[in-house]
Every structure is written in C-alpha cells, then in structure tokens.
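# Tertiary structure, described
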Amino acid sequence: LRYHSCVTSTLHRLWPEVEQYNASVTVSELAVPLFLFHGRYDRCTSAELVEGYFGQVRAPQKHLVWFERSGHQPDLEEPQRFQRLVLRAFLAEEFQVAETDAALELEAPLQLVN
C-alpha cells in the first residue's frame with residue numbers, strides 16, 4: 001500500500017516533465033551500441049514511436065528486439081528470453097536474435113556462475 005502511494009505521488013509530480021520529454025531531440029546520437037527491447041503489446045509506449053526513434057537515432061550498432069507476448073514489461077512477461085537476450089547483447093561480439101529465441105520462455109532461467 002505504501003509503495004503504491006509513493007509511486008503515485010512521484011508520478012504525479014514528474015508527469016509534466018515526462019510529457020515534454022522527447023528522446024528524438026534529447027538523444028539523437030549515441031557513441032555506444034543501442035539495444036531496444038520492446039513488448040509488442042506495450043500500451044505505454046507505442047510500437048510506432050519506438051520504430052520511429054529506432055529509425056532515426058544514430059549509433060555504431062543498434063538492435064530493436066520485439067517481445068511478441070509482452071506489453072510494457074518484457075523482463076517480467078518473458079523473463080527467460082529477456083535474460084538470454086540481454087546477456088547475449090552484453091557478452092557477445094555480435095548480437096543476433098535467433099528464430100529459436102521465441103521458444104526460450106519454455107527453458108529454465110539462466111544461472112550465472114563466477
């Protein structure tokens with residue numbers, strides 16, 4: 001209950017600034033690789049907005065990965081696939097989304113070992 005009231009209070013105070021934020025203007029070029037992981041059914045950030053930004057932002061390497069069974073939180077809605085792709089993005093020299101990645105939610109979560 002307290003968490004909800006804190007989030008609501010914070011969002012209420014920040015919303016006018018959030019409404020004015022335009023990533024296309026603020027962040028039009030990056031010096032690092034860009035990975036956008038986006039849920040196909042996200043009702044908070046439209047697919048059209050994401051595709052538009054992805055098309056115009058400049059980066060040395062960029063990837064747009066769709067989560068076909070997710071909304072706004074693919075990390076919670078398709079956790080195994082999300083974990084695998086994020087790890088692959090950060091650990092691999094070349095990033096690719098394989099067709100078999102669509103079935104990854106059937107696998108166990110990755111275990112990291114030191």
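Shown above is the structure to which this text applies.
First, a word on what this report is: a plain description of the structure on this page. (Residues numbered from 1 in each chain as written. Predicted model: local features only at pLDDT ≥ 70, side-chain atom pairs only at ≥ 80, totals over all residues. Heavy atoms only, no water.)

By the definition in use, this model includes four aromatic pairs. Judged by centre distance (5.7 Å) and plane angle (65°), the ring pair of F37 and F82 falls under edge-to-face. Taken together, the residues F37 in strand β1 (residues 34–39) and F82 in helix α5 (residues 79–91) connect sequence positions 45 residues apart. In this structure F37 comes out as partly exposed when scored by relative accessible area, which is 21%. Consider the rings of F67 and F82, whose centres lie 5.9 Å apart with planes at 45°: the pair is tilted. Of this pair, F67 sits in strand β2 (residues 62–67) while F82 sits in helix α5, placing them 15 residues apart in sequence. Given a relative accessible area of 0%, F67 falls into the buried group. For F82, a relative accessible area of 22% gives the class partly exposed. Aromatic rings pair up to connect F35, F37, F67 and F82 into one cluster. Just above the ring of F54 sits the side chain of K62; from NZ or CZ to the centre is 4.9 Å. (Phe/Tyr/Trp six-rings, centres within 6.5 Å; stacked < 30°, edge-to-face > 60°. Helix = DSSP H or I, 4+ residues; strand = E, 2+ residues; numbered from the N terminus. Buried < 20%, exposed > 50% of the residue type's maximum accessible area, 1.4 Å probe, protein only. Lys NZ or Arg CZ within 6 Å of the ring centre and 35° of its normal.)

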